[in-house]
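# Observations on the model geometry
This is what each chain is made of:
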Amino acid sequence: MSELDIAGLYRIRPARTRDVRAILELSAPLVEQRVLVPKDAVAYYEGIQEFLIAEDAEGRVIGFGALHVMWEDLAEVRTLATSPEARGTGLGSALLTRLLERARALGVARVFCLTFETEFFSRHGFEPISEDRAPVDPEVYAELLRSPDEGVAEFLDLARVKPNTLGNTRMILSL
């Protein structure tokens, strides 16, 4: 996309490897506040194709988010964040909308997130995952247990990730 969105305030585009430094910089205070789970630079480079970047008219990164496919019908919105000056402008909603469009294009039927921002995600149709109901059938659960991905472990609500996710809410949206 080459034109600016929302009255020339920002553009959303696929991430490039050169964006990783800006992602790390923008995410650092959120990691410190325990809003985002810490990730090494290598994790961002390995998953860069999953990310969308929002940049302002001067080309500065002011937001980002990722869509990670977990299974045939399931994906996760990961690391969705905006700069402090972009909060409240609709940029987070615009990024989420674009990530959900990607999910639909890939054929994903449900999108998961692990978040403190329950009000934001609720406004977009996400609902908390019931603690008394498995989010996937037993066969898929068994397959997902084999994944080394921490996001999959968070989705499955495995005990080994609980210290890093205390206070977060697991939410899901059916597309």
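Since the structure is predicted, the reported quantities are computational estimates derived from the model, not experimental observations.

### Considerations on the overall build of the protein
Helix and strand content of the protein: seven helices and seven strands. Element order for the protein, N to C, with α for helix and β for strand: β-α-α-β-β-β-α-β-α-β-α-α-α-β. Every one of the 175 residues in the protein was classed for burial, and the buried ones make up 46%. Counting only carbon and sulfur atoms, one obtains 52% of the accessible surface of the protein, whose full area is about 9,500 Å².

### Considering the sheet that holds strand β5 (residues 110-115)
Spatially, seven strands are ordered β1-β2-β3-β4-β5-β7-β6 in an open sheet, and the strand pairing comes out mixed. At either margin of the open sheet sits one strand with a lone partner, and together these are β1 (10-14) and β6 (127-128). In the packing of helix α1 (residues 20-32) onto the sheet, the strands contacted are β2 (51-56), β3 (61-71) and β4 (74-82), and the crossing angle to β3 comes to about 90°.

### Thoughts on helix α3 (residues 91-106)
The terminal C-alpha atoms of α3, which comprises 16 residues, lie 23 Å apart, in line with the 22 Å expected from a rise of 1.5 Å per residue. Among the residues trailing α3, G107 stands out with phi positive, at a value near 90°.

### Notes on the layout of surface pockets
Where empty space is left can be seen by rolling a probe of water-molecule size over the atoms. Taken as a whole, the second largest pocket holds about 280 Å³ of empty space. Looking at the second largest pocket, it is lined by 18 residues, and the ones nearest its centre are I62, S83, P84, E85 and A86. The set of elements that each furnish at least two residues to the lining of the second largest pocket consists of α1 and β3.

### Concerning the pairing of β2
Among the six residues that make up β2, six are buried, leaving the element largely enclosed by the rest of the structure. Neither face of β2 is exposed, since F51, I53 and E55 on one face and L52, A54 and D56 on the opposite face are all buried. Direction of pairing for β1 relative to β2: antiparallel, over a ladder of five bridges. Bridging across to β2, P14 finds its partner in L52. Note: β2 against β3, five bridges, orientation antiparallel. Note that in β3 the partner of I53 across the bridge is F64. Here β2 folds back onto β3, and the loop between the two strands holds four residues, one of which, G59, carries a positive phi near 90°.

Conventions we followed
- Residues numbered from 1 in each chain as written.
- Predicted model: local features only at pLDDT ≥ 70, side-chain atom pairs only at ≥ 80, totals over all residues.
- Heavy atoms only, no water.
- Helix = DSSP H or I, 4+ residues; strand = E, 2+ residues; numbered from the N terminus.
- Buried < 20%, exposed > 50% of the residue type's maximum accessible area, 1.4 Å probe, protein only.
- Areas by Shrake-Rupley, 256 points an atom, 1.4 Å probe, with all protein chains shown as cover.
- Pairing = 2+ DSSP bridges.
- Contact = heavy atoms within 4.5 Å.
- Axes fitted to C-alpha atoms, helices over the stretch in contact; angles between N-to-C directions.
- Expected span 1.5 Å × (residues − 1).
- 1 Å grid on protein atoms, 1.4 Å probe; cavity = no way out; pocket = protein on both sides within 12 Å on 5 of 7 lines; lining within 4 Å.
- Points joined across faces, edges and corners; volume = space filled by probe spheres on them.

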